[in-house]
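As a plain string of letters, each chain reads:
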Amino acid sequence: MQIIEVTGYAVRSAVITMRRTGKPFEFVIFPMLHVASPTFYSQVRLRLRECDLIVVEGIRGRSAAVSSLTLAYRFAPRRRRNDLQEQSDGLLLPEGVPVVNPDVTAAEALAELKTLPRSTYLLLMIAAPVMGLVFALRGPRAFLDEDLVVEDLPSTLRAEMLADNDVEHAMMGRRDQRLLDALGEIHTERGEEPLRVAIVYGAGHVPAIVSGLWNRYGYRPREAEWLTVLIPS
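The structure displayed is predicted, hence computed values, not measured ones.

## Examining the environment of Ala198
Mapped onto the fold, Ala198 is located in strand 9 (residues 196-202). What makes Ala198 buried here is its relative accessible area of 0%.

See the structure below:
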């Protein structure tokens, strides 16, 4: 199942609705990129207004190391000619819809990163701002890279290698587990009600979300809607 599609002219995100047979409750997954066109974020916001609860990503607290990693996507929107925005709660979250954030703290995220070999950790800290500068200079076309494709199961050896590495586990593992635990609590408490629960998380988390909801609670993908993330000029 495609989650993020990259073609020669556009990047698209698949909004995935998951339900159980014969039950009105549904999870709606919004795979996010942290930098995108303003139109993408406005389209997501419109759809979030139709939801009863929003489960949103966002590391809580501050850490210099974690902030340095976000430079990889914070540089690009600063060049006005790129016509890009950085994702923020202000752009996405509509008023009046309850929000839950089950993400880790900055201290927890840093602790996971420090389990990496020291050489890998230092390289990661150096590489993030360099990648951000590359994205800023190349503009939106930097996003037309096949390595940005996300699927529920890797379809190539390269994609499998990118998905299964120590850095990926350190940055995503605990956060995915925390999220699935929170979704499990929502399912247990309200899974018989006619509710629509939005999950607004980075696209890299979505394979774990889909497999976790399927294997743990029997939710299946029932619908998908493509939203255009950006079209480079």
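## Brief notes about helix 1 (residues 38-48)
What helix 1 keeps buried is the set Phe40, Tyr41, Val44, Arg47 and Leu48. For helix 1, the buried positions fall inside an angular range of 125° around the axis, keeping them on one side.

## Looking at the side chain of His205
Along the polypeptide, His205 turns up in the loop between strand 9 and helix 9 (206-217). Its relative accessible area of 2% is what places His205 among the buried residues. A polar contact of 2.6 Å, which involves the side chain of His205, links it to the side chain of Asp176.

## What to know about the packing of aromatic side chains
Counted under the stated rule, the structure contains four aromatic pairs. Ring geometry for Phe27 and Tyr219: centres 5.1 Å apart, planes at 65°, overall edge-to-face. Pair noted here: Phe27 is in strand 3 (residues 26-32) and Tyr219 is in the loop between helix 9 and strand 10 (220-230), with a separation of 192 residues, a long-range link. What makes Phe27 buried here is its relative accessible area of 0%. Three or more aromatic residues joined by ring pairs form one cluster here, namely Phe25, Phe27 and Tyr219.

## Structural notes on the environment of Glu86
The residue Glu86 is located in strand 6 (residues 85-86) in this model. For Glu86 and Val35, which are 51 residues apart along the polypeptide, the C-alpha to C-alpha distance reads 4.6 Å.

## Brief notes about the nonpolar core
The biggest cluster of nonpolar side chains holds 50 residues, and the ones touching the most others in it are Phe27, Phe30, Leu183, Ile199, Val200 and Ile209. Excluding its chain neighbours within four sequence positions, the residues that come into contact with Leu183 are Phe27, Val55, Ile199, Ile209 and Leu213. Ranked by size, the runner-up nonpolar core spans five residues in total, among them Leu110, Leu116, Tyr121 and Met125.

## Considerations on helix 5 (residues 106-113)
Within the sequence span of helix 5, burial applies to Ala106, Ala109, Leu110, Glu112 and Leu113. Seen end-on, helix 5 carries its buried residues on one side only, within an arc spanning 160°.

## Regarding the pairing of strand 5 (residues 53-56)
Of the two faces of strand 5, both are covered, the one formed by Leu53 and Val55 as well as the one formed by Ile54 and Val56. Pairing geometry for strand 5 and strand 9, over four bridges, is parallel. From the neighbouring strand, Ile54 faces strand 9, where its bridge partner is Ala198. Note that strand 5 and strand 7 (residues 99-100) share two bridges and pair parallel. In the strand pairing of strand 7, Val55 is matched with Val100.

## Looking at the side chain of Thr17
Within the secondary structure, Thr17 sits in strand 2 (residues 11-19). When near neighbours in sequence (up to four residues on either side) are disregarded, Thr17 contacts Glu26, Phe27, Val28, Arg220, Pro221, Arg222 and Glu223.

## Looking at the environment of Ala203
Among the secondary structure elements, Ala203 is positioned in the loop between strand 9 and helix 9. Along the backbone, Ala203 and Leu148 are 55 residues apart, and their C-alpha atoms lie at a distance of 9.4 Å. What Ala203 contacts, discounting residues up to four positions off in sequence, is Ile3, Ile4, Pro31, Met32, Leu33 and Val150.

Here is what the cut-offs are and how they apply
Residues numbered from 1 in each chain as written. Predicted model: local features only at pLDDT ≥ 70, side-chain atom pairs only at ≥ 80, totals over all residues. Heavy atoms only, no water. Helix = DSSP H or I, 4+ residues; strand = E, 2+ residues; numbered from the N terminus. Buried < 20%, exposed > 50% of the residue type's maximum accessible area, 1.4 Å probe, protein only. Arc of directions from axis to C-beta. Polar contact = N/O pair within 3.5 Å; in protein donor to acceptor, adjacent residues only side chain to side chain. Phe/Tyr/Trp six-rings, centres within 6.5 Å; stacked < 30°, edge-to-face > 60°. Core = buried A, V, L, I, M, F, W, Y, C linked by side-chain atoms within 4.5 Å. Contact = heavy atoms within 4.5 Å. Pairing = 2+ DSSP bridges.

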